[in-house]
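Chain by chain, the residues run as shown.
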Amino acid sequence: MISTRCAACKYLRKRCDTDCIFSPYFPSNDPLKFACVHKIFGASNVGKMLKQLPVHHRAEAANSLCFEAQSRIQDPVYGCTGIISLLQQQIYNAQKQLAIARAEIALNAHQAHLQGGSQFQQIEASSSFNNVAAEPLHVDQSFFDPPWLF
Amino acid sequence: MGGNSPCASCKLLRRRCAKDCIFAPYFPSDDPHKFAIVHKELPIQERCDAVSSLVYEANARVRDPVYGCVGAISYLQNQVSQLQMQLAVAQTEILCIQMQQEPALPTQQIDPDEKSLLLHSNFNNLPQYLNFASSSNVIQDPLKRESLWT
(Lines give C-alpha, C1' and ligand atoms only; values in the text may rest on other atoms or scores of the structure.)
Protein backbone atom coordinates (compact mmCIF):
# COMPACT_ATOMS: atom_id res chain seq x y z
CA MET A 1 0.00 0.00 0.00
CA ILE A 2 1.41 3.37 -0.99
CA SER A 3 1.73 5.76 1.95
CA THR A 4 -0.18 9.00 1.56
CA ARG A 5 1.20 10.65 4.66
CA CYS A 6 2.73 14.08 4.31
CA ALA A 7 6.38 14.64 5.14
CA ALA A 8 5.51 16.03 8.57
CA CYS A 9 3.40 13.09 9.64
CA LYS A 10 5.99 10.68 8.29
CA TYR A 11 8.70 12.44 10.28
CA LEU A 12 6.58 12.60 13.41
CA ARG A 13 5.38 9.06 12.88
CA LYS A 14 1.73 9.79 13.20
CA ARG A 15 -1.40 9.33 11.15
CA CYS A 16 -1.94 11.99 8.50
CA ASP A 17 -5.54 13.14 8.77
CA THR A 18 -7.47 14.66 5.90
CA ASP A 19 -7.37 18.04 7.65
CA CYS A 20 -3.64 17.85 8.50
CA ILE A 21 -2.34 21.42 8.67
CA PHE A 22 1.04 20.41 7.20
CA SER A 23 0.07 18.20 4.29
CA PRO A 24 -0.58 20.90 1.65
CA TYR A 25 2.81 22.53 2.30
CA PHE A 26 5.11 19.65 3.22
CA PRO A 27 4.66 16.97 0.59
CA SER A 28 6.08 13.52 1.18
CA ASN A 29 8.55 13.89 -1.70
CA ASP A 30 10.46 16.66 0.12
CA PRO A 31 11.25 15.39 3.62
CA LEU A 32 14.10 17.83 4.16
CA LYS A 33 11.78 20.82 3.99
CA PHE A 34 9.86 19.75 7.07
CA ALA A 35 12.95 18.44 8.83
CA CYS A 36 14.54 21.91 8.61
CA VAL A 37 11.55 23.85 9.95
CA HIS A 38 10.98 21.27 12.66
CA LYS A 39 14.59 21.48 13.78
CA ILE A 40 14.58 25.26 14.04
CA PHE A 41 11.00 26.15 14.93
CA GLY A 42 9.43 22.91 16.15
CA ALA A 43 6.48 21.20 14.51
CA SER A 44 4.01 22.49 17.08
CA ASN A 45 5.08 26.11 16.55
CA VAL A 46 4.95 25.74 12.79
CA GLY A 47 1.45 24.30 13.01
CA LYS A 48 0.31 27.15 15.27
CA MET A 49 1.79 29.78 12.94
CA LEU A 50 0.11 28.27 9.90
CA LYS A 51 -3.25 27.95 11.65
CA GLN A 52 -3.20 31.64 12.55
CA LEU A 53 -2.93 32.64 8.91
CA PRO A 54 -5.60 32.75 6.21
CA VAL A 55 -5.43 29.70 3.98
CA HIS A 56 -4.27 31.64 0.93
CA HIS A 57 -1.16 32.88 2.83
CA ARG A 58 -0.08 29.56 4.29
CA ALA A 59 1.92 28.29 1.34
CA GLU A 60 4.11 31.40 1.23
CA ALA A 61 4.46 31.32 5.01
CA ALA A 62 5.60 27.70 4.93
CA ASN A 63 8.15 28.49 2.22
CA SER A 64 9.47 31.52 4.08
CA LEU A 65 9.78 29.50 7.28
CA CYS A 66 11.69 26.87 5.34
CA PHE A 67 14.04 29.50 3.95
CA GLU A 68 14.64 30.96 7.40
CA ALA A 69 15.27 27.54 8.86
CA GLN A 70 17.74 26.62 6.13
CA SER A 71 19.52 29.94 6.56
CA ARG A 72 19.79 29.32 10.28
CA ILE A 73 21.16 25.82 9.73
CA GLN A 74 23.76 27.13 7.30
CA ASP A 75 24.65 30.09 9.52
CA PRO A 76 23.76 29.21 13.11
CA VAL A 77 24.90 32.57 14.46
CA TYR A 78 23.27 35.05 12.08
CA GLY A 79 20.80 33.10 9.94
CA CYS A 80 18.79 35.37 7.65
CA THR A 81 20.20 38.50 9.25
CA GLY A 82 23.55 37.62 7.71
CA ILE A 83 21.95 37.80 4.27
CA ILE A 84 20.31 41.11 5.17
CA SER A 85 23.68 42.53 6.19
CA LEU A 86 25.23 41.33 2.95
CA LEU A 87 22.49 42.98 0.89
CA GLN A 88 22.80 46.20 2.88
CA GLN A 89 26.50 46.24 2.09
CA GLN A 90 25.75 45.67 -1.60
CA ILE A 91 23.28 48.57 -1.55
CA TYR A 92 25.83 50.80 0.12
CA ASN A 93 28.50 49.91 -2.45
CA ALA A 94 26.12 50.39 -5.37
CA GLN A 95 24.99 53.78 -4.05
CA LYS A 96 28.59 54.87 -3.66
CA GLN A 97 29.47 53.77 -7.19
CA LEU A 98 26.36 55.46 -8.54
CA ALA A 99 27.24 58.72 -6.83
CA ILE A 100 30.75 58.57 -8.31
CA ALA A 101 29.39 57.83 -11.79
CA ARG A 102 26.88 60.67 -11.63
CA ALA A 103 29.54 63.07 -10.39
CA GLU A 104 31.71 62.07 -13.35
CA ILE A 105 28.84 62.66 -15.75
CA ALA A 106 28.17 66.07 -14.22
CA LEU A 107 31.85 66.94 -14.42
CA ASN A 108 32.02 65.88 -18.08
CA ALA A 109 28.96 67.92 -18.88
CA HIS A 110 30.41 70.95 -17.11
CA GLN A 111 33.73 70.61 -18.92
CA ALA A 112 31.97 70.26 -22.23
CA HIS A 113 29.94 73.34 -21.46
CA LEU A 114 33.09 75.30 -20.70
CA GLN A 115 34.78 74.14 -23.89
CA GLY A 116 31.91 75.16 -26.12
CA GLY A 117 28.16 75.16 -26.19
CA SER A 118 27.85 72.92 -29.29
CA GLN A 119 29.49 69.91 -27.63
CA PHE A 120 27.25 70.19 -24.58
CA GLN A 121 24.15 70.33 -26.72
CA GLN A 122 25.29 67.22 -28.56
CA ILE A 123 25.68 65.31 -25.31
CA GLU A 124 22.27 66.40 -24.06
CA ALA A 125 20.55 65.42 -27.27
CA SER A 126 22.13 62.00 -27.56
CA SER A 127 21.93 60.74 -24.02
CA SER A 128 19.33 60.13 -21.37
CA PHE A 129 21.16 62.47 -19.03
CA ASN A 130 17.97 63.66 -17.40
CA ASN A 131 17.16 60.14 -16.28
CA VAL A 132 20.60 59.67 -14.78
CA ALA A 133 20.28 62.89 -12.82
CA ALA A 134 17.03 61.69 -11.23
CA GLU A 135 16.73 61.41 -7.48
CA PRO A 136 18.64 58.41 -6.11
CA LEU A 137 16.57 55.52 -4.87
CA HIS A 138 15.77 56.08 -1.21
CA VAL A 139 16.49 53.07 0.92
CA ASP A 140 15.46 53.39 4.53
CA GLN A 141 18.41 51.83 6.31
CA SER A 142 17.31 52.38 9.91
CA PHE A 143 14.69 49.67 9.79
CA PHE A 144 17.17 47.00 8.80
CA ASP A 145 20.21 47.95 10.88
CA PRO A 146 20.65 45.56 13.74
CA PRO A 147 22.96 47.32 16.19
CA TRP A 148 25.53 44.56 16.25
CA LEU A 149 26.19 44.71 12.50
CA PHE A 150 28.11 47.53 10.77
CA MET B 1 26.12 3.47 2.05
CA GLY B 2 27.34 0.30 3.74
CA GLY B 3 30.52 0.71 5.70
CA ASN B 4 30.36 4.55 5.81
CA SER B 5 30.76 6.18 9.21
CA PRO B 6 27.69 7.89 10.70
CA CYS B 7 27.18 11.57 9.99
CA ALA B 8 28.12 14.16 12.60
CA SER B 9 24.54 14.68 13.76
CA CYS B 10 23.91 10.98 14.40
CA LYS B 11 27.32 10.65 16.08
CA LEU B 12 26.51 13.46 18.50
CA LEU B 13 23.01 12.22 19.16
CA ARG B 14 24.26 8.63 19.45
CA ARG B 15 21.77 7.13 17.11
CA ARG B 16 21.91 4.90 14.10
CA CYS B 17 22.68 6.78 10.90
CA ALA B 18 20.25 5.43 8.31
CA LYS B 19 21.08 5.14 4.63
CA ASP B 20 18.65 7.95 3.85
CA CYS B 21 19.57 10.10 6.86
CA ILE B 22 18.45 13.57 5.82
CA PHE B 23 21.19 15.36 7.75
CA ALA B 24 24.06 13.29 6.39
CA PRO B 25 24.63 15.43 3.26
CA TYR B 26 24.92 18.57 5.37
CA PHE B 27 26.88 17.31 8.39
CA PRO B 28 29.71 15.05 7.27
CA SER B 29 31.34 12.83 9.87
CA ASP B 30 34.68 14.65 9.53
CA ASP B 31 33.24 18.00 10.65
CA PRO B 32 31.65 17.52 14.07
CA HIS B 33 31.95 21.22 14.90
CA LYS B 34 29.41 22.24 12.27
CA PHE B 35 26.62 20.20 13.81
CA ALA B 36 27.72 21.04 17.33
CA ILE B 37 27.10 24.68 16.48
CA VAL B 38 23.63 23.94 15.20
CA HIS B 39 22.94 21.75 18.22
CA LYS B 40 23.06 24.75 20.54
CA GLU B 41 26.73 24.47 21.45
CA LEU B 42 27.79 27.89 20.32
CA PRO B 43 30.96 29.43 21.67
CA ILE B 44 30.15 32.03 24.31
CA GLN B 45 31.34 34.96 22.20
CA GLU B 46 28.93 33.97 19.41
CA ARG B 47 25.91 33.38 21.63
CA CYS B 48 25.18 37.06 22.07
CA ASP B 49 25.04 37.70 18.33
CA ALA B 50 23.01 34.55 17.82
CA VAL B 51 20.43 35.63 20.39
CA SER B 52 20.26 39.11 18.89
CA SER B 53 19.71 37.71 15.41
CA LEU B 54 17.04 35.34 16.69
CA VAL B 55 15.22 38.21 18.39
CA TYR B 56 15.48 40.24 15.20
CA GLU B 57 13.96 37.41 13.15
CA ALA B 58 11.25 36.83 15.73
CA ASN B 59 10.28 40.49 15.71
CA ALA B 60 10.20 40.50 11.93
CA ARG B 61 7.93 37.46 11.99
CA VAL B 62 5.60 39.16 14.49
CA ARG B 63 5.36 42.18 12.19
CA ASP B 64 4.92 40.08 9.08
CA PRO B 65 3.54 36.63 9.94
CA VAL B 66 3.63 35.51 6.30
CA TYR B 67 7.14 36.47 5.19
CA GLY B 68 9.01 37.54 8.32
CA CYS B 69 12.50 38.80 7.59
CA VAL B 70 12.40 36.93 4.28
CA GLY B 71 10.22 39.80 3.07
CA ALA B 72 13.00 42.19 3.98
CA ILE B 73 15.48 40.10 1.99
CA SER B 74 13.19 40.21 -1.03
CA TYR B 75 12.79 43.96 -0.69
CA LEU B 76 16.54 44.54 -0.39
CA GLN B 77 17.19 42.31 -3.40
CA ASN B 78 14.89 44.52 -5.45
CA GLN B 79 16.72 47.61 -4.21
CA VAL B 80 20.04 46.11 -5.22
CA SER B 81 18.69 45.25 -8.67
CA GLN B 82 17.34 48.76 -9.21
CA LEU B 83 20.57 50.37 -8.07
CA GLN B 84 22.57 48.08 -10.34
CA MET B 85 20.32 49.10 -13.24
CA GLN B 86 20.85 52.80 -12.48
CA LEU B 87 24.57 52.21 -12.16
CA ALA B 88 24.68 50.43 -15.51
CA VAL B 89 22.85 53.33 -17.15
CA ALA B 90 25.25 55.83 -15.63
CA GLN B 91 28.33 53.85 -16.64
CA THR B 92 27.00 53.51 -20.16
CA GLU B 93 26.45 57.24 -20.33
CA ILE B 94 30.03 57.83 -19.22
CA LEU B 95 31.22 55.51 -21.94
CA CYS B 96 29.12 57.36 -24.51
CA ILE B 97 30.49 60.70 -23.40
CA GLN B 98 34.07 59.41 -23.53
CA MET B 99 33.55 58.00 -26.97
CA GLN B 100 32.04 61.23 -28.22
CA GLN B 101 34.91 63.24 -26.79
CA GLU B 102 37.54 60.96 -28.29
CA PRO B 103 38.93 62.82 -31.31
CA ALA B 104 40.50 59.77 -33.03
CA LEU B 105 37.25 57.88 -33.37
CA PRO B 106 34.74 58.58 -36.13
CA THR B 107 31.91 60.84 -34.99
CA GLN B 108 28.97 58.50 -35.22
CA GLN B 109 26.17 57.95 -32.75
CA ILE B 110 26.01 54.73 -30.85
CA ASP B 111 23.41 52.34 -32.20
CA PRO B 112 20.56 51.80 -29.69
CA ASP B 113 21.10 48.04 -29.95
CA GLU B 114 24.76 48.46 -29.01
CA LYS B 115 23.72 50.63 -26.10
CA SER B 116 21.41 47.90 -24.92
CA LEU B 117 24.25 45.37 -25.10
CA LEU B 118 26.49 47.68 -23.07
CA LEU B 119 23.76 48.05 -20.46
CA HIS B 120 23.30 44.33 -20.04
CA SER B 121 27.01 43.61 -19.96
CA ASN B 122 27.43 45.94 -16.99
CA PHE B 123 25.16 43.91 -14.76
CA ASN B 124 26.94 42.00 -12.07
CA ASN B 125 25.69 38.52 -11.43
CA LEU B 126 24.06 38.87 -8.03
CA PRO B 127 23.02 35.76 -6.20
CA GLN B 128 19.26 35.62 -6.06
CA TYR B 129 18.40 34.32 -2.62
CA LEU B 130 14.70 33.87 -3.27
CA ASN B 131 11.83 34.90 -5.50
CA PHE B 132 9.26 35.85 -2.95
CA ALA B 133 6.90 38.67 -3.86
CA SER B 134 7.99 41.74 -1.97
CA SER B 135 4.58 42.32 -0.51
CA SER B 136 5.84 42.12 3.02
CA ASN B 137 4.04 44.14 5.67
CA VAL B 138 7.39 44.74 7.32
CA ILE B 139 8.49 47.34 4.81
CA GLN B 140 5.33 48.91 3.45
CA ASP B 141 5.80 52.01 5.60
CA PRO B 142 9.53 52.08 6.23
CA LEU B 143 9.48 55.75 7.13
CA LYS B 144 6.71 55.39 9.67
CA ARG B 145 7.70 52.18 11.43
CA GLU B 146 10.04 52.50 14.34
CA SER B 147 13.26 50.58 14.46
CA LEU B 148 13.05 47.03 15.71
CA TRP B 149 15.53 47.95 18.36
CA THR B 150 13.58 50.76 20.10
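Residues numbered from 1 in each chain as written. Chains lettered and ligands numbered in written order. Predicted model: local features only at pLDDT ≥ 70, side-chain atom pairs only at ≥ 80, totals over all residues. Heavy atoms only, no water.

Per an unreviewed UniProt entry, chain B carries the name LOB domain-containing protein and comes from Tetracentron sinense. In its Sequence similarities (unreviewed entry) section, the UniProt entry covering chain B states "Belongs to the LOB domain-containing protein family." (UniProt positions renumbered as here; feature names shortened; annotations may be inferred.)

Chain A has the name LOB domain-containing protein in an unreviewed UniProt entry, where Tetracentron sinense is given as its organism. Here chain A is described in UniProt, under the heading Sequence similarities (unreviewed entry), as follows: "Belongs to the LOB domain-containing protein family."

Colleague: Give a description of the packing of helix α3 (residues 43–51) of chain A against helix α4 (residues 55–74) of chain A that names residues and reports values.
Modeller: Residue and element names in this part refer to chain A. For the pair α3 and α4, interaxial distance at closest approach is 10 Å and the crossing angle is 145 degrees. Crossing geometry of α3 relative to α4 is assigned as right-handed. Each of V46, M49, L50 and K51 in α3 lies in contact with α4, whose residues at this interface are R58, A61, A62 and L65. Looking at the contact of α3 with α4 residue by residue, the class counts come to six nonpolar, no polar and two charged. (Axes fitted to C-alpha atoms, helices over the stretch in contact; angles between N-to-C directions. Helix = DSSP H or I, 4+ residues; strand = E, 2+ residues; numbered from the N terminus. Left-handed = near helix turned anticlockwise from the far one by under 90°. Contact = heavy atoms within 4.5 Å. Nonpolar A, V, L, I, M, F, W, Y, C, P; charged D, E, K, R; others polar.)

Colleague: Can you tell me about the pattern of salt bridges, naming the residues and giving the values?
Modeller: Taken as a whole, this structure holds three salt bridges over all chains when the rule is applied. Between A:D17 and A:R15 there is a salt bridge, with the nearest N and O atoms lying 3.2 Å from each other. Exposure remark for A:D17: the relative accessible area of 35% places this residue in the partly exposed category. Look at A:R15 and you get exposed, because its relative accessible area is 68%. Between A:E68 and B:R61 there is a salt bridge, with its nearest N and O atoms 2.8 Å apart. Taken as a pair, A:E68 in helix α4 and B:R61 in helix α3 (residues 44–63) lie in two separate chains rather than in one. (Salt bridge = Lys/Arg side-chain N within 4 Å of Asp/Glu carboxyl O. Buried < 20%, exposed > 50% of the residue type's maximum accessible area, 1.4 Å probe, protein only.)

Colleague: Which residues make up the nonpolar core, and what values go with them?
Modeller: In this structure, A:F22, A:F26, A:F34, A:V37, A:V46 and A:L50 are the most contacted members of the largest nonpolar core, which totals 28 residues. Where this core is concerned, the elements lending two or more residues are α1 (7–12), α2 (31–40), α3 and α4 of chain A. Take this core: its biggest share by element is six residues, from α4(A). A:C80, A:A94, B:Y56 and B:V70 belong to the second-largest nonpolar core, a separate cluster that totals 24 residues. (Core = buried A, V, L, I, M, F, W, Y, C linked by side-chain atoms within 4.5 Å.)

Colleague: Residues and numbers for the side chain of B:D64, please.
Modeller: All names here are of chain B. Take D64: it is sitting in the loop between α3 and α4 (69–101). It turns out D64 is buried and unbridged, and the closest side chain with the opposite charge, R61, is 6.4 Å from it. A polar contact is formed between the side chain of D64 and the backbone nitrogen of Y67, at a distance of 3.2 Å. (Lys, Arg positive; Asp, Glu negative; His and termini not counted. Polar contact = N/O pair within 3.5 Å; in protein donor to acceptor, adjacent residues only side chain to side chain.)

Colleague: Give a description of the packing of aromatic side chains that names residues and reports values.
Modeller: Centre distance and the angle of the planes are the two values used to describe a pair of aromatic rings. Residues and elements named next belong to chain A. All told, the structure shown has four aromatic pairs over all chains when counted by the stated rule. On the basis of an interplanar angle of 80 degrees and a centroid distance of 5.5 Å, the ring pair of F26 and F34 is categorised as edge-to-face. Of the two residues examined, F26 and F34, each falls in the buried class. Linked through ring pairs, Y11, F22, F26 and F34 together constitute an aromatic cluster. The side chain of K33 reaches across the aromatic face of F26, ending 5.4 Å from its centre. (Phe/Tyr/Trp six-rings, centres within 6.5 Å; stacked < 30°, edge-to-face > 60°. Lys NZ or Arg CZ within 6 Å of the ring centre and 35° of its normal.)

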